[in-house]
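# Understanding the architecture of this molecule
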Amino acid sequence: MQSVILWYLLCCVLRSAGYIAQNNPQSRKTAVYCHAYGLKQLLKSSRVRKVGSGEDDVLNCWKKKKTGNEKYTTSRMTEFREDGFLVLEHFFTAEECDSMRNQIQKIVAEMEVPPHCRTEFSTKEDEQLQAQGSSDYFLTSGDKIRFFFEKGVLDEKGNFLIPKKKSVSKIGHALHAYDPVFKQITHSSKVQELGRKLGLERPVVVQSMYIFKQPGIGGEVTPHQDATFLHTEPLGRVLGFWIALEDATQENGCLWFIPGSHTSGITRRMVRAPSGTSTCVEFVGSEPGYDDSQFIPLPISKGGLILIHGEVVHKSELNSSESSRHVFTFHVMEAKDTSWSKENWLQPTPELPFPSLYT
Ligand SMILES: O=C(O)CCC(=O)C(=O)O
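Residues numbered from 1 in each chain as written. Predicted model: local features only at pLDDT ≥ 70, side-chain atom pairs only at ≥ 80, totals over all residues.

## Observations regarding the overall build of the protein
Helix and strand counts for the protein come out as 10 helices and 15 strands. Burial analysis of the protein (359 residues in total) assigns 32% to the buried set. Restricting to contacts in the protein with at least 6 residues of sequence separation, those with at least 24 account for 79%. (Helix = DSSP H or I, 4+ residues; strand = E, 2+ residues; numbered from the N terminus. Buried ≥ 20, exposed ≤ 12 C-beta atoms within 10 Å, placed from the backbone. Contact = placed C-beta atoms within 7 Å.)

The following block contains the structure:
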């Protein structure tokens, strides 16, 4: 703190010098910049204090490597609050990532392709039945381990056009509850510790997904806010944990974010459609057209974790590269003083009430 005050005072001196040199706009500009920078550092430092410097230790050790004195000085919590996302490099070890990848390989090897994918339809009615089957399969997947495929990988008779294991787009939505490897990772002591650092008092795990982003065909995920799909009252209670199981790059479809876009609520909600309607869900509101230049890419290496605020706008692009981009992701809700929307597609069930993160 003392060094920050000294830095601030130095900036004031520089600023005054800038004013003395009235006829030299460049030196005045530099001095004003120094003053503003000093003030920013001072404010930043006081915000760090509010969070509690002791509380930041664990987060600091996962900090992205920086050079010299810059290392370990900024508060990761402040970054998260300001940006709506946080990159924690090397959160998981390569062995932990490989154990998840090996486990998913076994699950895929034993996969039974859902019947609605295999249904051949020759009439409009068959087509509707197939769509209904696919909707039900999705709507009831919250407490199961189910398989979803990339577009265009099955012919109209339900035969795979490419090897089955290369066709899966994602597996969801309860690996965290029913698979021992993913359960252990989700409830690992480092995740729980991070939850505590984030101030979560009664966090519950609402869903999990393994996303493959297959080489060449892994589809884009259009810009969205997670609270569109996972709505709570009040907002701001949902948090995504996104774990890179191999390097995620711009080429293979890393995440992109609009920094600071988590502070103005949501513009769209996906709600369950009334029973009897042909679609299982519908959208209320619409996603604004975002300017591409607002997004920044967040490439991250294997083992890294990205924390995603429920309202931050993010996306990922088509994987047109030759390497896959596997991730395991799960979402947590702070259940204290929060209500989960009954209109959300995903609902807790008697078989699987949302489990506490801290068990
Ligand atoms: O992994 C991706 O490509 C997108 C994931 C995502 O948007 C999310 O988990 O909210």
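On we go from here.
## Quick look at unusual backbone geometry
Cis geometry marks the peptide bond from G172 to H173, where omega comes out at 0°. Topologically, H173 is positioned in strand 3 (residues 168-173). Of note in the backbone geometry, K213 takes a positive phi value of approximately 40° without being a glycine. Here K213 shows up in the loop between strand 4 (203-211) and strand 5 (221-224). Classification of K213 as buried rests on a count of 27 C-beta atoms within 10 Å. With phi around 55°, D337 is a residue other than glycine that occupies positive phi space. You can see D337 is positioned in the loop between strand 14 (327-334) and strand 15 (339-340).

## What about the site of the ligand?
Within the structure, the ligand sits among I211, K213, V221, D226, G240, W242, I308, H314, S316, V327 and T329. Of all the elements in the fold, those that place two or more residues in the shell around the ligand are strand 7 (238-244), strand 13 (314-316) and strand 14. A per-class count over the shell around the ligand returns 5 nonpolar, 4 polar and 2 charged. (Near = placed C-beta within 6 Å. Nonpolar A, V, L, I, M, F, W, Y, C, P; charged D, E, K, R; others polar.)

## Regarding the sheet that holds strand 13
With respect to topology, 4 strands assemble into an open sheet ordered 5-13-8-11, the strand pairing being antiparallel. Each edge of the open sheet carries a strand with a single partner, namely strand 5 and strand 11 (296-298). Within the sheet, the average angular offset between the axes of one strand and its neighbour, ignoring direction, is 25°. Here strand 8 (residues 255-257) pairs with strand 11 via 3 bridges, running antiparallel. Among the inter-strand pairings, W256 is bridged to a residue of strand 11, identified as P297. (Pairing = 2+ DSSP bridges. Axes fitted to C-alpha atoms, helices over the stretch in contact; angles between N-to-C directions.)

## Topic: the sheet that holds strand 14
By definition, the strands of a sheet pair up through backbone hydrogen bonds, in either a parallel or an antiparallel sense. Across the sheet, which stays open at both edges, the 7 strands sit in the order 1-12-7-14-4-3-2 with antiparallel pairing between neighbours. Looking at strand neighbours, the two that pair on one side only are strand 1 (85-88) and strand 2 (145-149), the edges of this open sheet. Adjacent strand axes in the sheet meet at a mean angle of 20° when their direction is disregarded. Pairing analysis gives 8 bridges linking strand 4 to strand 14, with the strands arranged antiparallel. In the strand pairing of strand 14, V204 is matched with M333.

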